[in-house]
Amino acid sequence: QVQLVESGGGLVQPGGSLRLSCAASGSIGSINTMGWYRQAPGKQRELVTTITSGGRTNYVDSVKGRFTISRDNAKSTVYLQMNSLKPEDTAVYYCNFNLRTRFSYTGGDYWGQGTQVTVSS
């Protein structure tokens, strides 16, 4: 079994910063792409950013220049540094790992439980 546990959400004023973390544990063989998604009330879940095993990153246009994704492979952890936060960043943020367990030859998608980020004055 593999579990992803997120932390770091909360309430912040516009212009503020937050750092999210997501750590995987369990029978992990290898981790490919790590990413963050978010879902605002009444909206579909959207991809925010990804980082490959080689460190290549990708961001949705609305967060470019404000959010930074990074990973620590030794800790099986991905981070999301969010700066200059705006009210429209308010959402539940979910981490996603594409990984292979020790007992599988193929990879699959695993999700964190979600953490609430609220940007409001």
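Higher on the page you've got the structure.
Scope of this entry: the structure provided in the associated data block. (Residues numbered from 1 in each chain as written. Predicted model: local features only at pLDDT ≥ 70, side-chain atom pairs only at ≥ 80, totals over all residues. Heavy atoms only, no water.)

**Points about the environment of Gly 16**
Thinking step 1. By secondary structure assignment, the location of Gly 16 is in the loop between strand S2 (10–12) and strand S3 (18–26).
Thinking step 2. Placed 10 residues apart in sequence, Gly 16 and Glu 6 show a C-alpha to C-alpha distance of 20 Å.
Thinking step 3. Discounting residues that sit within four places of it in the chain, Gly 16 has contacts with Met 82, Asn 83, Ser 84 and Leu 85. (Helix = DSSP H or I, 4+ residues; strand = E, 2+ residues; numbered from the N terminus. Contact = heavy atoms within 4.5 Å.)

**Describing the side chain of Ser 76**
Thinking step 1. With respect to the helices and strands, the residue Ser 76 is situated in the loop between strand S7 (67–72) and strand S8 (77–82).
Thinking step 2. Note on Ser 76: relative accessible area 14%, which makes it buried.
Thinking step 3. Contacts of Ser 76, omitting those with residues within four sequence positions, involve Cys 22, Ala 23, Ala 24, Ile 28, Ile 31, Met 34 and Phe 97. (Buried < 20%, exposed > 50% of the residue type's maximum accessible area, 1.4 Å probe, protein only.)

**As for unusual backbone geometry**
Thinking step 1. Despite not being glycine, Ser 76 shows a phi value in the positive range, around 50°.
Thinking step 2. You will see that Ser 84, though not glycine, has its phi angle at about 50°, which is positive.
Thinking step 3. With respect to the secondary-structure elements, Ser 84 resides in the loop between S8 and strand S9 (91–101).

**Digging into the pattern of salt bridges**
Between side chains of opposite charge, pairing is possible as soon as their charged atoms come close.
Thinking step 1. With the rule as written, the count across this model stands at four salt bridges.
Thinking step 2. A salt bridge links Asp 61 to Lys 64, with the nearest nitrogen and oxygen atoms 2.9 Å apart.
Thinking step 3. Residue Lys 64 is classed as partly exposed on the basis of its relative accessible area of 48%.
Thinking step 4. Taking the shortest distance from any N to any O, the salt bridge between Arg 66 and Asp 89 comes out at 2.7 Å. One end of the pair, Arg 66, is in the loop between strand S6 (57–59) and S7; the other, Asp 89, is in the loop between S8 and S9, and 23 residues separate them in sequence.
Thinking step 5. On the basis of relative accessible area, Arg 66 is assigned to the buried category, the value being 9%.
Thinking step 6. Where salt bridges share partners, they join Arg 38, Glu 46, Arg 66 and Asp 89 into one cluster. (Salt bridge = Lys/Arg side-chain N within 4 Å of Asp/Glu carboxyl O.)

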